[in-house]
Amino acid sequence: MVTRSRRRSDTDSRSGGPILEVLLIFVVVLAAQTVAAVISAGLMAGLFVLGPPLTANPWTIVTSVYAHSGLGHLLSNSVGLVLFGWPIARATTRLRFHTFFLVTGALAGITQVVTSSFFASIGVGDPTAVLGASGAVFALAGYLIAGNRLSDAFASVVEVPRWAAVAVFVVLAAVITIATGAPGVALIAHFTGFLLGLLAGRAGVLDVRSRTARAGSTA
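Undergrad: Could you give an account of the overall build of the protein, with specific residues and numbers?
TA: Helix and strand counts for the protein come out as 11 helices and zero strands. Put simply, the protein runs from its N terminus to its C terminus through helices and strands in the order α-α-α-α-α-α-α-α-α-α-α. Here the protein, with 219 residues, has 36% of them falling under the buried criterion. Once local pairs closer than 6 in sequence are excluded, the contacts in the protein between residues at least 24 apart make up 76%. Accessible surface for the protein amounts to roughly 11800 Å². Of this, 72% is attributable to carbon and sulfur atoms.

This is the structure:
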């Protein structure tokens, strides 16, 4: 029974099931947004847009991760999800993938709102509200870069102090964020998501095997 269950779990992971599930959630949430917007723009914002203060509509910490401003926004994030998420989903469990996607997306959104609110309080810019899975997608991209076997092999050959690795990750996240920036884009959320992904990839938080076992299999 245990062996059969484990094999079924492996098959689900290798089939990319979590990716298809997230895509389905995207579509369902966009449909719910459309219905809510027809009733009231305020209702849609109150249900799906994460904005200051965070305590006003705390459920949007979750719902905003899967909400989008329109079909084009959904499609662009879906492409990123498939490109960066599919290899990761095949290498981890369904629960870990969904947890990683939600947590990194939520933290990216929270950081965007809190940071913009802070700067607005000192007279720099305006507070911003966010919605969309971009922070989580950037986290998947960061994880894919830092958590692959090539990165592990490089790290095993070249001794890099932890502080230096973090500094490199911060610089890399800043460069990628600036390079992909555009008007109206939540740059802080993208930066946060990518940095979280890099750090998580280096730590191997989605690896179902231990770091020791992975290093041994790589060798």
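Following the structure, the description resumes.
Undergrad: Now, about the confidence of the model for the protein: what can you tell me, with residues and values included?
TA: Mean pLDDT over the protein works out to 81, with 71% of the residues at or above the 70 mark. Throughout residues 210-219 the model reports pLDDT below 50, and contacts reaching past four residues in sequence, or to other chains, amount to 13 contacts.

Undergrad: So, the packing of helix α6 (residues 94-121) against helix α10 (residues 187-203): which residues are in play, and what are the values?
TA: Interaxial distance between α6 and α10 falls to 8 Å at its minimum, and their mutual angle equals 140 degrees. Overall, the two elements α6 and α10 adopt an arrangement that is oblique. The handedness of the crossing between α6 and α10 is right-handed. Between α6, through Phe100, Thr104, Leu107, Ala108, Gly109, Thr111, Gln112 and Thr115, and α10, the contact on the second element is made entirely by Leu187, Ile188, Ala189, Thr192, Gly193, Leu196, Gly197 and Ala200. When grouped by side-chain class, the residues that make up the contact of α6 with α10 number eight nonpolar, eight polar and no charged.

Undergrad: Describe in detail the packing of aromatic side chains, supporting the description with residues and values.
TA: Here the structure, examined in full by the defined rule, presents seven aromatic pairs. Seen from their ring centres, Phe118 and Phe119 are 5.5 Å apart, and the 65 degrees between their planes marks the pair as edge-to-face. Every member of this aromatic cluster is reached through a ring pair, and the members are Phe26, Tyr66, Phe97 and Phe101.

Undergrad: A description of a nonpolar patch on the surface should follow, citing residues and the corresponding values.
TA: On the surface, a nonpolar cluster with roughly 470 Å² of combined accessible area is contributed by Val35, Ile39, Leu43, Leu47 and Trp59. Elements with a contribution of two residues or more to the nonpolar patch: α2 (17-39) and α3 (41-48). Turning to its location among the elements, Leu43 is positioned in helix α3. The partly exposed category is assigned to Leu43, whose relative accessible area is 34%.

Undergrad: Tell me about helix α7 (residues 134-146), and please be specific about residues and values.
TA: Between its first and last C-alpha atoms α7 spans 18 Å; for 13 residues at 1.5 Å apiece the expected length is 18 Å, and the two agree. Burial analysis of α7 places 11 of its 13 residues in the buried class, the great majority of the element. Taken as a whole, α7 has its buried residues at Ser134, Gly135, Ala136, Val137, Phe138, Ala139, Leu140, Ala141, Gly142, Tyr143 and Ala146.

Undergrad: Please provide a residue-by-residue account of α6, values included.
TA: Counted at 1.5 Å a residue, the expected span for α6 with its 28 residues is 40 Å, and the 41 Å between its end C-alpha atoms agrees. Of the residues making up α6, those classed as buried are Phe97, Phe100, Phe101, Thr104, Gly105, Ala106, Ala108, Gly109, Gln112, Val113 and Ser116. Residues of α6 that are buried in the fold lie against α2, α4 (60-66), α5 (71-91), α7 and α10. The positive-phi residue at the C-terminal boundary of α6 is Gly123, with phi of around 85 degrees.

Cut-offs used in this document
Residues numbered from 1 in each chain as written. Predicted model: local features only at pLDDT ≥ 70, side-chain atom pairs only at ≥ 80, totals over all residues. Heavy atoms only, no water. Helix = DSSP H or I, 4+ residues; strand = E, 2+ residues; numbered from the N terminus. Buried < 20%, exposed > 50% of the residue type's maximum accessible area, 1.4 Å probe, protein only. Contact = heavy atoms within 4.5 Å. Areas by Shrake-Rupley, 256 points an atom, 1.4 Å probe, with all protein chains shown as cover. pLDDT = per-residue confidence, 0-100. Axes fitted to C-alpha atoms, helices over the stretch in contact; angles between N-to-C directions. Parallel < 35°, antiparallel > 145°, perpendicular 65-115°, else oblique. Left-handed = near helix turned anticlockwise from the far one by under 90°. Nonpolar A, V, L, I, M, F, W, Y, C, P; charged D, E, K, R; others polar. Phe/Tyr/Trp six-rings, centres within 6.5 Å; stacked < 30°, edge-to-face > 60°. Patch = residues over 30% accessible without salt bridge, like charges linked within 9 Å, V, L, I, M, F, W, Y side chains within 5 Å. Salt bridge = Lys/Arg side-chain N within 4 Å of Asp/Glu carboxyl O. Expected span 1.5 Å × (residues − 1).

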